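Secondary and tertiary structure notes
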Amino acid sequence: MQELGYACSAYAESLGEFGTPRKLVESGGWILERAIPDSALRDAIGCYPIFSCSDWSRLHLDFDSIGDELVSVSMVPDPFGNYDIAYLRESFRDLVIPFKQHYVVDMERSLDDMMSRHHKLAVRKAQRKIQTEVCPEPLEFLDEWIALHQNLVLKHSITGIRGFSRRAFEQQLKTPGIVVLLAKHNGETVGAQLWFQQQKVAFGHVLAFSDIGYKLGASYALYWFALNYFSGKVRWCDLGGVAGHSDSTSRGLHQFKEGWSAEKRTAYFCGRILNATRYKELVAKKNSPADFFPAYRQGF
């Protein structure tokens, strides 16, 4: 079976600016190896935003085979992965904590029953001025997408791996499983959403709008279109979590996602120390706090 979306090598390669992709032979997943600042040592992270693989039952064997070659590994496993919390604790012996709540839509239920009254009204209002469609050639949409995404980056001051570069999106738009949905107004693209369809789940990857798209509420029309598009194609739609907890933007995004479905799945942040000796040396050198993992990366 071909690997799709977050489980695909092409997706891992799209994040190559943040680490060297390394395939985990037993589980089939991908991690990013990184140089540790002020050191000749290396550690690894799972791909952002979630780590996905084909055989969860063998993930612990990958870590055993790596041995002390890497200092540590950390990741957020796919909340729809075939594992339980006991297996996560077996595989990640040093850290397993709830990280984010992902809003998810059960595609076997009626969308009309799950949606809030506010969202139903907002969809009808947006549909008066917004037209929606599937992008037939995602890679040809790259330039338009970059312009939309830049508006998102500037609006929310997004940096680092969450910001994605043009090179990253160029690779992602040709990754197996990609689905690009468009919102238009008078023939002009005012919003778009990138999804990854992986077997039984469609993951909402990135959503961006122009100023006109925001003004016209294009997000409501686009999400309605997306959830109807994936009906009959997947069992679940994962709308993702929300960055941060306290600002008004985060609260608004919580309300927006919850309006489609109040059902949630927990995504865990997991860490494992692979080379205890080097880990202790790095922590001691940096005098790092114990509530950050890996502790020696605090501040980087």
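Structural data are supplied above this passage.
Let us now look at the pattern of salt bridges. All told, the structure shown has 15 salt bridges when counted by the stated rule. Note that Asp43 is salt-bridged to Arg34, the shortest N-O span being 3.4 Å. Each of the two residues, Asp43 as well as Arg34, counts as buried. A salt bridge links Lys120 to Asp112, with the nearest nitrogen and oxygen atoms 3.6 Å apart. A relative accessible area of 25% means that Lys120 is categorised as partly exposed. The class for Asp112 is partly exposed, based on a relative accessible area of 43%. A network of salt bridges, in which partner residues are shared, links Arg22, Glu33, Arg42 and Glu69.

Before going further, it helps to spend a moment on helix H6 (residues 142-156). Here H6 is 15 residues long and its end C-alpha atoms lie 21 Å apart, about the 21 Å a rise of 1.5 Å per residue gives. When H6 is considered as a whole, its buried residues turn out to be Leu142, Trp145, Leu148, His149, Asn151, Leu152 and Val153. Those residues of H6 hidden inside the fold are in contact with helix H7 (166-172), strand S8 (188-198), strand S9 (201-209) and helix H8 (211-215). Phi turns positive one or two residues past the end of H6, at Ser157, with a value near 50 degrees.

It is worth spelling out the packing of aromatic side chains at this point. Summed over the entire model, instances satisfying the criterion amount to 24 aromatic pairs. Seen in terms of ring centroids, Phe164 and Phe169 are 5.2 Å apart; in terms of plane orientation they differ by 50 degrees. Their pairing is tilted. This pair shows no difference in class: Phe164 is buried, exactly as Phe169 is. Members of the aromatic cluster, each reached through a chain of ring pairs, are Trp195, Tyr220, Tyr223, Tyr229, Phe230, Phe256 and Trp260.

Another point: the pairing of strand S3 (residues 42-46). Counting buried positions over the 5 residues of S3 gives 4, a clear majority of the element. Relative to S3, strand S2 (residues 30-35) runs antiparallel, the two being bridged by 5 bridges. Paired with Ile31 across the bridge in S3 is Gly46. If you look at the hairpin formed by S2 and S3, you'll find 6 residues sitting between the two strands, and Asp38 has a positive phi there, around 60 degrees. Relative to strand S4 (residues 72-75), S3 is paired through 2 bridges, and the arrangement is parallel. Counterpart to Ala44 in the pairing with S4 is Val73. Each parallel crossover has a hand, and the one from S3 via helix H2 (residues 59-66) to S4 is right-handed.

Reading the values: rules and limits
- Residues numbered from 1 in each chain as written.
- Predicted model: local features only at pLDDT ≥ 70, side-chain atom pairs only at ≥ 80, totals over all residues.
- Heavy atoms only, no water.
- Salt bridge = Lys/Arg side-chain N within 4 Å of Asp/Glu carboxyl O.
- Buried < 20%, exposed > 50% of the residue type's maximum accessible area, 1.4 Å probe, protein only.
- Helix = DSSP H or I, 4+ residues; strand = E, 2+ residues; numbered from the N terminus.
- Expected span 1.5 Å × (residues − 1).
- Contact = heavy atoms within 4.5 Å.
- Phe/Tyr/Trp six-rings, centres within 6.5 Å; stacked < 30°, edge-to-face > 60°.
- Pairing = 2+ DSSP bridges.
- Right-handed = clockwise from strand over helix to strand, strands pointing away.

This is a description of form; function is not addressed.
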